[in-house]
Amino acid sequence: FDDLLEEEHPRVALPPPPPAAVRQCLEAAMSTLLDDVRYAVRVSVRHRLVTAAVVATMALGIGVTTAVYSIVHAVLLSPLPFEDSDRVVQFRMVLRDGRATSNNAFPDLQDYRAHAQTLAAVAAVSLGRTTITAGGVPEQHSIAFVDHGYDDVFRLRPAIGRFFAPEEYEFGAPRVVLISDRLWRARFGADQAIVGRDVEVDREKATIVGVLPPLAYMFPGSDVGFLAPLRPNPRSFHLNRGALWLMGVGRMRPGVTLEQTSADVEAIATELAKQFPDSNGGLAARVQSLHESETGDTRATLILLAAGVGTGV
């Protein structure tokens, strides 16, 4: 069919336009553009207030849009600032009335650590406030009590000194603490000989065994000044399966999905409900990515804000 069309209407190669014609077209286009620019300048000078308002509005709109998308990227899209943060999950308990809580019982977290095949490490954390006295001056700071899985979950290695030794997690052992880089600089003047120094924590002597790295991710809050070993008191409610007083986090093994870990933990919780119906009956366990858990309260607001800015609302 194409051959027949070629025979009836042979293609004719048009000669290229002469250079002079191309130059004339370009000169005409540039002349029109310059005329438009001159006209815009004259109008802008004549109506200075309107021009200033338009420029200010455009600058404000560009600034707001840039700021909103920077916040959205930093909060929702960027990973948490530690190694393989996408593999860290947080445990949540679903109560008998259907409400979910981030609090867990210490024995349950121990069972997840012992039996969950999809998790490489599990940590229990309790957040509190403490008064530190150094040089005779008392100050209040946040303190996180952590058990021996914390450094493995967050891949946390001190910049100075060491993490806690196994025997330091025993109830009644001498008190030791790790301090944040921020507190080390602000309170102790970045003293390189800080390891081994004694301070008073809630009127009890505690020995500083290390300093955390700058910008270290501090779960469950960026304002945490101290880490201390979690030491459940065997003569208190701490070991009661019905006492939900600890936050729990875990690191998934390589290649494991969130769905697989969730099914694994749910199966363990179901078995615990059968073994301990008085304390665990009617309870269910869930896991949630730590990133989603950290941004859960702001996620919907930021998405709506970004959508509004993008559509010009």
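Residues numbered from 1 in each chain as written. Predicted model: local features only at pLDDT ≥ 70, side-chain atom pairs only at ≥ 80, totals over all residues. Heavy atoms only, no water.

## Notes on the overall build of the chain
- Counting its secondary structure elements, the chain contains 9 helices and 12 strands.
- Burial analysis of the chain (313 residues in total) assigns 40% to the buried set.
- Roughly 18300 Å² of accessible area belongs to the chain as shown, and the carbon and sulfur atoms make up 59% of that amount. (Helix = DSSP H or I, 4+ residues; strand = E, 2+ residues; numbered from the N terminus. Buried < 20%, exposed > 50% of the residue type's maximum accessible area, 1.4 Å probe, protein only. Areas by Shrake-Rupley, 256 points an atom, 1.4 Å probe, with all protein chains shown as cover.)

## Let's talk about the pattern of salt bridges
- The final tally for this structure, using the stated rule, is 12 salt bridges.
- We note a salt bridge from R241 to D111, for which the minimum N-O separation is 2.8 Å. In this pair, R241 sits in the loop between β10 (224–229) and β11 (246–252) while D111 sits in helix α4 (residues 106–115), placing the two residues 130 residues apart along the sequence. For the residue pair R241 and D111, the accessibility class agrees, reading buried in each case.
- The salt bridge partner of D181 is R185, with a shortest N-O separation of 3.0 Å. Taken as a pair, D181 and R185 lie in helix α6 (residues 181–188) at a separation of 4 residues, close to a single helical turn.
- When its relative accessible area of 13% is taken as the criterion, D181 is described as buried. (Salt bridge = Lys/Arg side-chain N within 4 Å of Asp/Glu carboxyl O.)

## Considering the nonpolar core
- By size, the foremost hydrophobic cluster in this structure holds 27 residues, and its most contacted members are Y150, F154, F163, F164, F219, L227 and L290.
- Of all the secondary structure elements, the ones that give two or more residues to this core are β4 (119–134), β5 (137–146), α5 (150–154), β7 (176–179), β10 and β11.
- Leave out the neighbours within four places in its chain, and L227 touches A144, V146, Y150, L156, F163, F164, V176, V177, L178, L212 and M218. (Core = buried A, V, L, I, M, F, W, Y, C linked by side-chain atoms within 4.5 Å. Contact = heavy atoms within 4.5 Å.)

## Description of the pairing of β11
- Most of β11 sits out of view: 7 of its 7 residues are buried.
- Neither face of β11 is exposed, since L246, G248, G250 and M252 on one face and M247, V249 and R251 on the opposite face are all buried.
- Relative to β11, strand β1 (residues 88–94) runs antiparallel, the two sharing 3 bridges. Along β11, the bridge assignment pairs V88 with R251. (Pairing = 2+ DSSP bridges.)

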